[in-house]
Amino acid sequence: MGKYGEIPVSEYTGVPEISIPLYTVQDGELSLPLSLTYHASGIKVAQEATWVGLGWDLQAGGCINRVVSGSYDKEYTVNTAWVDWEKFFSQDNMPFVTFGDNSVWGGVQENPNTIYYKPSLYQDLSWGMGEPDIFQVYVCGHSFAFILHPNTGEPMLVGNNCRGYRVEAMDSYNSSWKITDTEGIQYLFEQDGAEEMTGSGLNYITSWFLTAVVHPQKGRIDLEYETEGNLLMRLQPSLYQENVEAEYVSSIVTSGSGTSAGWPSTELLGVHSPLLYENSMVQKKYLKSIKAGLARVDFYKSSRQDIEGYSRKLDSIVVYNTYAAEEAVRHIAFSYDYYQYTNKGGDYMNDKGNVPANDYRRKRLKLESVSVNDELYSFEYDDTPLPYK
């Protein structure tokens, strides 16, 4: 869903609106439309398919996606006082480091004899703590973003699309959120709907899914999720070449352990062609059911072949009337195949990183058709074979 906030569907962006309405869940004054949408902004090589196929997304409520800027905000404890950050970012220019005890970078001197000697600031910057993470919100057709104030930790709305919304953390760990709109309707993103990623010693929440919509007077819609296991997400590496002439920040940070402050480390000089990739485990959450008034919507899924681990594809959605005897009133079925793949362009992850060339990296889930009761929607795509992920 986050892609719809980054590249909105509009004539201005050139992205057409491709949407298939499936069902609308209602209770009191609340309504929650379910639809299938395709984002025609293009497919990237490393892009994985959702549980309804490559490029497709099931719009069923909303989500909050964390976009990590630099390092995950809670990965590293910031040592620099807020007043020093304000002083640093208030500089009109950022001069380069020069050798010597009185060198200046960004208006912060490294001379220990002055009050501006802040080695902790250099260390915080080297860990990517100079920019806050961005939280992208997509809920019921609306999108906006917020950040957490680096000093107070309070949510701060950013952009012009956030007017009238209020964001609150529901606990001190920021594991749950409550968003209130101009009509007083509350959207809850609780921990039961949160996805966690584990990799390189980290364990943090990457996304929160909508768990409830509550009207101030009349109506409530609850969304339930389930976890069947972890997905192995192999983050695709970047191949590039760089010529490192000097690394000043590292030398300043390590000044207390023997490296002369302001002088480059010799092992960092020269041409480097790094190839790095990372394996991360994602505790994937799948929508299980939606309950509102006398209606219940169940989601049925099965295994797939294009993502390693306990990955699932959506097979069907069944709407039940629970007034007396449980009766199915709508049935939505999904039919899939996999895109063709090609060896053209090679397999650089196998050549350089010794990563096996298995089906997980060759196949991509393709949605071929959707049937809503007796109405059938079928799709045709460009049949050019796709390269390895």
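It should be emphasised that the depicted structure is a prediction, and the values quoted were computed from it without experimental measurement.

(A) Fine view of the overall build of the chain. Counting its regular elements, the chain contains 6 helices and 26 strands. The burial tally for the chain puts 40% of its 389 residues in the buried class. The long-range share in the chain, meaning contacts at least 24 apart out of those at least 6 apart in sequence, stands at 59%. Of the roughly 20,900 Å² of accessible surface on the chain, a fraction of 47% belongs to carbon and sulfur atoms.

(B) Broad picture of the pairing of strand E7 (residues 134-139). Buried residues dominate E7, accounting for 5 of its 6 residues. Here 5 bridges tie E7 to strand E8 (residues 142-148), and the two strands are oriented antiparallel to one another. Each residue of the ladder has a partner; that of Val139, found in E8, is His142. Between E7 and E8, which follow one another and run antiparallel, lie 2 residues, and Cys140 among them has a positive phi close to 50°.

(C) Up close: the confidence of the model for the chain. Looking at the chain as a whole, the pLDDT averages 77, with 70% of positions reaching at least 70. Per-residue pLDDT stays below 50 along residues 1-5; that stretch engages in 22 contacts with residues further than four places along the chain or on separate chains. Every residue in residues 237-274 is under pLDDT 50, and counting partners more than four places away or in other chains gives 57 contacts.

(D) Inspection of unusual backbone geometry at higher detail. The backbone of Asn174 shows a phi angle near 55°, a positive value even though the residue is not glycine. Of note, Asn174 is situated in the loop between strand E10 (166-169) and strand E11 (177-180). For Asn373, which is not a glycine, the phi torsion comes out positive at approximately 55°.

(E) Broad picture of the sheet that holds strand E12 (residues 186-189). Taken together, the 11 strands give an open sheet; going across it, the order is E10-E11-E12-E15-E16-E21-E22-E23-E24-E25-E26, and neighbouring strands pair in antiparallel fashion. Two strands in the sheet have a free side with no partner beyond their single neighbour: E10 and strand E26 (375-378). For this sheet, the mean inter-axis angle between neighbouring strands, taken without regard to orientation, is 20°.

(F) Structural view of the sheet that holds strand E3 (residues 56-59). Taking strand neighbours across the sheet as the criterion, the 3 strands line up as E1-E2-E3 in an open arrangement whose pairing is antiparallel. Bordering the open sheet on either side are strand E1 (18-27) and E3, each of which pairs with just one other strand. The mean angle between the axes of side-by-side strands here comes to 10°, regardless of whether they run parallel or antiparallel. Bridge analysis of strand E2 (residues 30-38) against E3 gives 4 bridges, and the strand direction is antiparallel.

(G) Seen up close, the packing of aromatic side chains. Going through the model one piece at a time under the given rule, you end up with 13 aromatic pairs. With a centroid separation of 4.7 Å and 50° between ring planes, the pair formed by Trp56 and Phe379 is classed as tilted. Highlighted residues: Trp56 in strand E3 and Phe379 in the segment after E26, separated in sequence by 323 residues. By the burial criterion, Trp56 is buried, and Phe379 matches it. Ring plane angle 5° and centroid distance 4.9 Å describe the contact between Phe135 and Phe146, whose orientation is recorded as stacked. A residue pair is termed long-range when its members are at least 10 positions apart, and Phe135 in strand E7 and Phe146 in strand E8 qualify at 11 residues. Both residues of the pair, Phe135 and Phe146, belong to the buried class. Among the aromatic side chains, those forming a connected cluster through ring pairs are Phe135, Phe146, Trp177 and Trp208. Of note, Lys284 hangs over the ring of Tyr286, and the distance from its end group to the ring centre comes to 5.7 Å.

(H) Broad picture of the nonpolar core. Counting 59 residues, the largest nonpolar core has Leu22, Ile290, Phe299 and Phe334 as its most contacted members. Examining the composition of this core, we find that 5 residues originate from one element, E2, more than from any other. Once residues lying within four places of it in the same chain are set aside, the contact partners of Phe299 are Leu34, Trp51, Leu58, Leu287, Lys288, Ser289, Ile290, Leu314, Ser316 and Ile317.

(I) How the structure looks around the pattern of salt bridges. Throughout the structure, instances matching the rule amount to 10 salt bridges. Close ionic contact of Glu168 with Arg166 constitutes a salt bridge, the shortest N to O distance being 3.4 Å. Taken together, the shared-partner salt bridges connect Arg166, Glu168 and Lys178 into one network.

So, how was this worked out
- Residues numbered from 1 in each chain as written.
- Predicted model: local features only at pLDDT ≥ 70, side-chain atom pairs only at ≥ 80, totals over all residues.
- Heavy atoms only, no water.
- Helix = DSSP H or I, 4+ residues; strand = E, 2+ residues; numbered from the N terminus.
- Buried < 20%, exposed > 50% of the residue type's maximum accessible area, 1.4 Å probe, protein only.
- Contact = heavy atoms within 4.5 Å.
- Areas by Shrake-Rupley, 256 points an atom, 1.4 Å probe, with all protein chains shown as cover.
- Pairing = 2+ DSSP bridges.
- pLDDT = per-residue confidence, 0-100.
- Axes fitted to C-alpha atoms, helices over the stretch in contact; angles between N-to-C directions.
- Phe/Tyr/Trp six-rings, centres within 6.5 Å; stacked < 30°, edge-to-face > 60°.
- Lys NZ or Arg CZ within 6 Å of the ring centre and 35° of its normal.
- Core = buried A, V, L, I, M, F, W, Y, C linked by side-chain atoms within 4.5 Å.
- Salt bridge = Lys/Arg side-chain N within 4 Å of Asp/Glu carboxyl O.

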